[in-house]
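A structural walkthrough
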Amino acid sequence: MSFSVTHAAITQRCANLSHLIADNLADRQSDDGSFPLPDFYAKAFAANLWARIDRDTYRINIDRALRALTHQPQDKSYHREFIEYALLDMPGLSQQKRLEILRASSNQCPDVANWQVLGLINRQSRANGIWDRLVSIAHYHFTRSRYWRSPVFLDRPRCFSAQYHAFCAALLADSQNRPQQKMAKPATRLIADMTGSHGYANLLGRGAGQSFGAVCALFTLLKYGATDQACAILCHLEDAFDKCGSLPLNLLAPYLLPPNPAPANPKTPGWYSYNRHDDYLAFAGYWLLKAANLPSSKTAFALSEKPNQSSQVFLFSSRHYHAQMALSGEQCFDYTPAPVIVSGHDEKACLLLPPTGGEQDSPSLYGPATAPLPALDGGNVARFVSAKRRSSNQVDITFELAGITGQRSIIFEDKEVTITDQLPSTLPQSPSLLRILIDGNLDLSQKSNTEFVAPKTGITITSDHPLTFYKTDAFSAAGAATRITARGSNCATLKLRWEDQE
């Protein structure tokens with residue numbers, strides 16, 4: 001089957017999935033209005049979703065949620081921007097009740113694009129005077145100058161996240177403000193290029209693979225007529241829900257949580273310890289229902305043959321694979337020292353080189369050992385310094401190991417990706433080079449100590465040095481991984497090659 005389908009069919013499927021999520025949330029809700037796992041804003045988005053679907057059916061659930069919101073502590077973790085956004089957009093909620101819930105809380109206003117855009121949209125929604133309008137104009141120009149580098153929304157200055165890029169695009173695509181809609185359209189074109197036919201919309205940066213970014217990407221793609229890409233995302237969402245009986249936080253590892261999800265449990269997938277599952281579940285239901293109500297776009301995207309590039313993002317597509325890299329950032333989950341690679345296209349696509357780096361509120365599986373950069377014995381892992389697009393098919397990375405600068409070159413061709421690591425011979429000991437993480441479920445067959453093949457995918461992995469594969473202490477955003485390492489030299493080259501499948 002093909003992912004391609006009509007706008008009407010996609011919106012109906014979005015509606016069906018949003019109703020399943022609404023019922024799932026109702027089943028999960030406790031008598032006091034809370035949810036089993038800690039949440040920041042699940043109650044607000046769940047109440048909004050229930051009110052939009054059928055206020056009478058979910059009346060008890062809505063009342064419980066609003067009552068719990070009214071008594072929710074407004075400490076330093078209070079997500080006012082998210083809660084206010086859901087309440088402002090909730091049908092049938094009076095201004096008095098909304099103010100009663102928000103009370104004297106103030107905006108968090110962190111230096112993060114999606115929070116700033118949320119605050120801007122909220123201010124515009126409740127603006128009722130000349131002063132409010134002037135502040136909104138100033139806030140818009142601040143947000144645009146600080147986070148917008150067309151076609152990219154930065155997550156934070158110098159940092160890109162496909163997830164929060166998609167959220168900003170969805171917020172502005174849904175806005176009634178024409179200048180804001182004009183920003184959303186090129187941002188959506190980039191989302192379409194990153195999503196391709198494989199349907200993984202948010203593989204780069206903070207929150208890679210999470211449902212939060214996927215539903216936002218689906219909404220804005222459908223809004224602007226990119227139905228094929230929207231449908232590809234929807235297939236992943238539906239498949240994940242079918243497998244789990246709920247929508248998991250992490251779509252790259254769509255299986256049920258273990259009884260004790262925590263860093264000590266290697267079966268815990270994704271970035272977090274899953275303490276925000278209900279937030280993302282309610283959030284996803286909300287955006288899926290909004291997508292279900294979108295009218296058909298009058299004009300569909302005329303996607304260019306070459307991906308939409310920027311100084312922050314590198315994209316390369318061929319007949320055999322799709323590669324992405326984030327070229328700058330401040331923390332390990334921002335940049336991409338090894339490319340994220342999806343092998344194949346359409347429903348046959350699989351994640352070959354998954355996102356790495358990690359993001360967590362507390363210690364997790366995704367520490368320095370998971371960084372796909374050279375290392376020395378004893379756990380000394382190289383530090384990412386910078387990445388530069390050398391040409392349309394080459395990225396060069398500079399890293400530092402034990403105070404010595406090294407280089408990684410990555411060359412992308414139609415059937416082959418070549419990764420070369422090089423360090424000066426002045427290192428005190430022989431380094432472990434490459435340390436590339438591949439999908440832990442990939443079935444590999446050894447032909448020699450320098451050549452391995454994955455028969456089902458037609459991929460051959462070769463090196464100019466003997467390769468060692470490690471399955472322990474190797475984790476990616478998609479769960480357990482296999483680490484490929486080469487030792488015995490200060491320079492090593494790894495090649496991933498695709499053979500045509502009959």
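Look up a bit, the structure's there.
The present account deals with the structure reproduced in this document. Here the structure is a predicted model, which means the values were calculated and not measured. (Residues numbered from 1 in each chain as written. Predicted model: local features only at pLDDT ≥ 70, side-chain atom pairs only at ≥ 80, totals over all residues. Heavy atoms only, no water.)

**Re helix α5 (residues 95-102)**
- Among the residues making up α5, those that are buried are Arg98, Ile101 and Leu102. What you see down the axis of α5 is that its buried residues fit within an arc of 90°, all on one side.
- Turning to α5, the residues buried within the fold contact α3 (59-70), α4 (80-88) and α6 (113-126).
- Where α5 ends, the next residue or the one after it, Arg103, has phi of about 50°, a positive value. (Buried < 20%, exposed > 50% of the residue type's maximum accessible area, 1.4 Å probe, protein only. Helix = DSSP H or I, 4+ residues; strand = E, 2+ residues; numbered from the N terminus. Arc of directions from axis to C-beta. Contact = heavy atoms within 4.5 Å.)

**Some points on the pairing of strand β13 (residues 416-422)**
- With respect to burial, β13 is a largely interior element, 5 of its 7 residues being buried.
- One ladder, built from 6 bridges, connects strand β12 (residues 404-412) with β13; its direction is antiparallel. Counterpart to Ile411 in the pairing with β13 is Thr418.
- Between β12 and β13, which pair antiparallel one after the other, the connecting turn spans 3 residues. (Pairing = 2+ DSSP bridges.)

**Concerning a nonpolar patch on the surface**
- Together, Ile130, Trp131, Leu134 and Ile137 give the surface a local cluster of nonpolar side chains, amounting to about 480 Å² of exposed area.
- Note on placement: Ile137 falls in helix α7 (residues 130-147).
- Judged by relative accessible area, which is 48%, Ile137 ranks as partly exposed. (Patch = residues over 30% accessible without salt bridge, like charges linked within 9 Å, V, L, I, M, F, W, Y side chains within 5 Å. Areas by Shrake-Rupley, 256 points an atom, 1.4 Å probe, with all protein chains shown as cover. Salt bridge = Lys/Arg side-chain N within 4 Å of Asp/Glu carboxyl O.)

**With respect to the pattern of salt bridges**
- Counted by the stated rule, this structure contains 27 salt bridges.
- We note a salt bridge from Asp56 to Arg59, for which the minimum N-O separation is 3.1 Å.
- Close ionic contact of Glu499 with Arg497 constitutes a salt bridge, the shortest N to O distance being 3.5 Å.
- The exposure class assigned to Glu499 is partly exposed, which follows from its relative accessible area of 38%.

**As for the nonpolar core**
- Residues Ile21, Trp50, Leu218, Leu237 and Trp287 are the most contacted members of the largest nonpolar core, which totals 95 residues.
- Per-element tally for this core: the top contributor is helix α12 (residues 277-292), with 11 residues.
- If we skip the residues at most four places from it in the chain, Leu218 touches Cys14, Ala230, Ile233, Leu234, Leu237, Leu288 and Ala291. (Core = buried A, V, L, I, M, F, W, Y, C linked by side-chain atoms within 4.5 Å.)

**Points about the side chain of His322**
- Within the secondary structure, His322 sits in strand β5 (residues 321-326).
- Of note is the side chain of His322, whose polar atom sits 3.3 Å from the side chain of Gln324.
- With residues up to four places along the chain from it excluded, the contact list for His322 reads Asp193, Met194, His198, Leu315, Phe316, Ser317, Val340, Ile341 and Val342. (Polar contact = N/O pair within 3.5 Å; in protein donor to acceptor, adjacent residues only side chain to side chain.)

**As for the packing of helix α1 (residues 7-28) against helix α2 (residues 42-54)**
- Where α1 contacts α2, the two axes come as close as 10 Å, and the packing angle between them is 125°. Classed by the angle they form, the pair α1 and α2 counts as oblique. Helix-helix and strand crossings are classified by hand; for α1 and α2 the assignment is left-handed. The residues of α2 that touch α1, namely those facing Ser18, His19, Ile21, Ala22, Leu25 and Ala26, are Ala46, Leu49, Trp50 and Ile53.
- Looking at the contact of α1 with α2 residue by residue, the classes come out as 8 nonpolar, 2 polar and no charged. (Axes fitted to C-alpha atoms, helices over the stretch in contact; angles between N-to-C directions. Parallel < 35°, antiparallel > 145°, perpendicular 65-115°, else oblique. Left-handed = near helix turned anticlockwise from the far one by under 90°. Nonpolar A, V, L, I, M, F, W, Y, C, P; charged D, E, K, R; others polar.)

**Notes on the packing of α2 against α4**
- Following both chains from N to C, one finds α2 and α4 inclined at 15°, their axes separated by 8 Å at the closest point. Looking at the two axes, α2 sits roughly parallel to α4. The way α2 lies across α4 gives a crossing that is left-handed. Across the interface between the two elements, Ala44, Phe45 and Asn48 from α2 touch Phe82, Ile83, Tyr85 and Ala86 from α4.
- Among the residues forming the contact of α2 with α4, the class breakdown is 6 nonpolar, 1 polar and no charged.

**Section: the sheet that holds strand β1 (residues 148-149)**
- In space, the 3 strands of this open sheet follow the order β1-β2-β3, with antiparallel pairing throughout. Each of the sheet's edge strands pairs with one partner strand only, and the pair in question is β1 and β3 (159-160).
- Summarising the sheet, β1 and strand β2 (residues 152-156) pair through 2 bridges and their orientation is antiparallel. What sits directly across from Arg149, in β2, is Val152.

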